[in-house]
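Each chain, letter by letter, is given below.
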Amino acid sequence: MEYGLVTLWLAVFLAIGLLGTPLAARLFRGFPDRGVALSLPLSFAVVGVVAYWVGHLSLTAGLLAGFVALAALSTLSLRRLDRDGFDGRAMAVPILVFAVAFLFMIAVRALDPAVHPGGGEKFLDFGLLKSLLRSAQLPPEDVWFAGEPVKYYYGGHLLTALLAKITFTEARYAYNLALAGFFGMLVTAAYGLAGAVADARGHSARTAGIVGAFFVAFASNLETPGRAVLWALPDGIARSVAGSLGVTIEGLADSLAAFSYWGASRVIPGTVNEFPLFAWLNGDLHAHMLSTPFLLLAAALWFAYYRTPADALGRRRLLVFGAFPPLVGLLAVVNTWSFPTAVGVGWLTMTFADGDPPDLVPRVGARFSPTRSALGRELRRTASALAVAAGVLVLGILWSLPFWLGSASGRAIDVLPERSALGPLVVVYGAFLAVFVPYLLARSRALTKRTRQGALAAMGGLFVLAWLVDAAALALFGPLLLVGWLVLAARRNGDRSDSTTASATRGTRPAESDGGTERRPSLSLPDVGFETVLLVAGVGLVLLVEFVYIQEDAGPGRFNTVFKTYAQVWVLFGTAAGAMAAWLVGAGKSAATLSGSTRTAGRVLLAVLVLSTSIYGGLALTDQLTSEASVAATENPTLDARAFVATTHPEEAPAIAWLDERDGQPYIVSTPGCYCNANDGLTSYNWVNAPSSLTGLPTVVGWDHEIGYRGEGPYLERVADVETIYRGTSEERVQLLDEYNVRYVYVGPNERAAYGPTDFDDLRGVSIAKEWDAVTIYRVDQRRLSA
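Every value quoted in this text rests on a predicted model; they were computed, and no experiment measured them. (Residues numbered from 1 in each chain as written. Predicted model: local features only at pLDDT ≥ 70, side-chain atom pairs only at ≥ 80, totals over all residues. Heavy atoms only, no water.)

### Quick notes on the overall build of the protein chain
Definition in use: A run of H or I in DSSP counts as a helix once it spans at least four residues, and a run of E counts as a strand once it spans at least two, with each numbered from the N terminus. Burial classes: relative accessible area under 20% of the type maximum marks a residue as buried, over 50% as exposed, and values in between as partly exposed (1.4 Å probe, protein chains only). Residues count as neighbours in contact if any of their non-hydrogen atoms are within 4.5 Å of one another. For the area figures, the Shrake-Rupley method with a 1.4 Å probe applies, and any residue is considered shielded solely by the protein chains shown. Note that His is not counted, nor are the chain ends; the positive residues are Lys and Arg, and the negative ones are Asp and Glu. Every charge is mapped to an atom, namely NZ of Lys, CZ of Arg, CG of Asp or CD of Glu.
Assigned secondary structure in the protein chain consists of 36 helices and 8 strands. Seen through its principal axes, the protein chain has C-alpha atoms that stretch 90 × 70 × 50 Å. Taken across its 787 residues, the protein chain has 58% of its residues classed as buried. When contacts within the protein chain are restricted to residue pairs at least 6 apart in sequence, long-range pairs at least 24 apart make up 76% of them. Surface exposure of the protein chain reaches about 29600 Å², of which carbon and sulfur atoms provide 60%. When the 61 basic and 64 acidic side-chain charges of the protein chain are each reduced to a single mean position, those positions are 15 Å apart.

Below you can see the structure in the form of structure tokens.
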């Protein structure tokens, strides 16, 4: 085990977070920890934005410029830090949360650190990381399409590469260390944001933070606890129940030994329903995981806007047009799927915050003249907020313009995919619904009788529409969206002139906000806040993917759309549930507003949710600790992502190591991993293109993921060219080796299986560079070849 590297990386993470603490304190005024929980993703956001732009000239210069920019911004923010001061205990807790989460994931990854090709995108992720570490500037070379820049979002891998550079860490170790670091950032951000949201409502920040961190870091969906119930029931009853629910007795429902961590991610047929613990157990260094801390950072910035007084127009504009566009631009490069989500959260925030959105842009505001009707006022506010959000979206595109002009790949939007059934939706989101429903029910009582009657009528319409269009999600989540919207609008439109009195009447102190005392709704208004904004945002995403999806080759229909969207929904829901849980259990202000029986019921409910959603983690970690079938089978725990190669493919390990020692990024040729090969064993998600994926040396053509990035025609053309290089005439071979500027030809077991016996001894300029029993690597002298 590489304890020295673990200590080094933990120290570097904490140092970078502390460097950004003054800037976090300035942006997140009034947060109970002064933004310390968000300082690490904030620091990486600043470094990442600057490094991305300067990195197109020089990656080393970009890294230096990023840290200079962070230090400069923090220095300028020191006055705010000195004025507000710090509660040392409040500052220490987020640091402890990060350290615990980081070390927990280090222990998890050390049990199975391998970047093996099966069951995920590890070959893609490791190849990206290696390519970035070999590159002098951006964009990096595509390891699966030699001679072309990558056509993929790679911002998270860029940050990992920067960390590897400043710690002088090899990619084989940096891969898992970065996974643990991003996990720690996500958990700490959820802890801090959930706590700050609860604190603004007078609830316990500590309780909210712990529950929010649990839901985001360790909780699973209800698939595993559901199967555990079937396993515990007598056999006859279990089969009867399973038959009535339309499920089979398999996996954990059959026996503890049959448990597999994989099943809980495939609940809704034809989709992927990941949650963070599954994702990090599976071990991809993938964009939908690396973007989650920055998505919560964006949500925290919008929360800072939400609690800013309406008359603090300068600060509101600074947050919307100064702080947010570069962050959303970075999100586009880290994970483009999160780019519109962050802006959508902003649209909802501006719609429901106290400040009027048109005030942010006077010329735009003049076109949204006030109206007398309540519906008209609501439409005016919603439309103006949408217009400002569209402006932020455009600014975010400008902040990431090189990505859109070069690395982004186009996708078509389609509608009306196959929709989700009610049962699987409840399994995926049932734990959150158990918190959201009582929370919104309690708040809806403050609505006027007329509004409640209208809401009930609208719900009836939703149920009918859900039945007509066969959209169970509309019946399950539509009421949450409706009630959440109504209580947020009622809170905003109510009389806030006597906020201090209202707070005192409830037996609590008035909450502090960026401008002093936060404006509280009066007793007749719903006591809701930003947690409900997060709920509405998550519900909106769940409903959206029931009707709209992105066409691509990553999977049939809406496979990838649901996959990438649900990963964001879980993070938003988990943070919101944490803030709501503080009320549910009567922690903080809730103790004075809830009856004893209600508090007891809430605590029992939360205990049941925590215990049931922990079953998966307990079984998965135990299985990982005791399993002997892991591809990472090593004698001792390690963070070496490539240690498995010597165990599973010893015949190719020395050849891959030799290639990895080459300087720069010379091009190679090897057999592609695609479904177009006659030999089914050479398809992607198998041991194919290991020489390029594990070294960062671009191969002429790799996995068929490139079809989604480049199109089928260009990909298949290269596949045919590779076959010609191995099996064609001497003239054809020479022409293609020269055209693709190939430096090394890899001839290993896959190449022989695909193309039969082959050698290059008859080609002028091609000679054996290195030879082993199972692998021969030929060196191509381009000068002699072209002559």
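Once you've had a look at it, read on.
### What to know about the pattern of salt bridges
Rules: Within this document, salt bridges are pairs made up of a side-chain nitrogen of Lys or Arg and a carboxyl oxygen of Asp or Glu, the two lying within 4 Å of each other.
In total, this model carries 20 salt bridges according to the counting rule given. One salt bridge in this structure joins Glu-546 and Arg-558, with 3.0 Å as the shortest N-O distance. Of this pair, Glu-546 sits in the loop between helix H25 (530-544) and strand E4 (548-551) while Arg-558 sits in the loop between E4 and helix H26 (559-584), placing them 12 residues apart in sequence. A relative accessible area of 0% means that Glu-546 is categorised as buried. Linking Asp-781 and Arg-783 is a salt bridge whose minimum nitrogen-to-oxygen distance equals 4.0 Å. Look at Asp-781 and you get partly exposed, because its relative accessible area is 26%. Judged by its relative accessible area of 71%, Arg-783 is exposed. Among the ionic contacts, a cluster of salt bridges with common partners joins Lys-130, Arg-134, Arg-642 and Asp-660.

### Describing a nonpolar patch on the surface
Definition in use: Each patch groups residues whose relative accessible area exceeds 30% and which form no salt bridge, using 9 Å between like charges and 5 Å between nonpolar side chains of Val, Leu, Ile, Met, Phe, Trp and Tyr.
Together, Trp-53, Val-394, Leu-398, Trp-399, Leu-401 and Leu-405 make up a nonpolar patch on the protein surface, roughly 590 Å² of accessible area in all. Of all the secondary structure elements, the ones that give two or more residues to the nonpolar patch are helix H19 (374-399) and helix H20 (401-407). For the nonpolar patch, the element with the highest residue contribution is H19, accounting for 3 residues. Topologically, Trp-53 is positioned in helix H3 (residues 36-54). With a relative accessible area of 37%, Trp-53 lands in the partly exposed category.

### A closer look at helix H8 (residues 155-167)
Going by this rule: Expected helix span is given by 1.5 Å per residue-to-residue step, counting one fewer step than there are residues.
Counted at 1.5 Å a residue, the expected span for H8 with its 13 residues is 18 Å, and the 19 Å between its end C-alpha atoms agrees. Along H8, 11 of the 13 residues are buried, which leaves the element largely enclosed by surrounding structure. Those residues of H8 that sit buried are Gly-155, Gly-156, His-157, Leu-158, Leu-159, Thr-160, Ala-161, Leu-162, Leu-163, Ala-164 and Thr-167. With its phi angle positive at about 55°, Phe-168 sits one or two positions after the end of H8.

### As for H26
Look at H26: 35 Å from first C-alpha to last across 26 residues, which is about the 38 Å you get at 1.5 Å a residue. Among the 26 residues of H26, 25 are classified as buried, and the element is accordingly described as predominantly covered.

### Considerations on the side chain of Thr-351
Note the threshold: Two N or O atoms form a polar contact when they lie within 3.5 Å of each other; inside protein one atom must be a possible hydrogen donor and the other a possible acceptor, and for residues adjacent in sequence the pair counts only when both atoms belong to side chains.
Tracing the backbone through its elements, the reader meets Thr-351 in helix H17 (residues 338-352). When its relative accessible area of 0% is taken as the criterion, Thr-351 is described as buried. A polar atom in the side chain of Thr-351 sits 2.8 Å from the backbone oxygen of Trp-347. Every residue in contact with Thr-351, bar those within four places of it in the chain, is listed here: Arg-381, Thr-382, Ala-385, Trp-485 and Arg-492.

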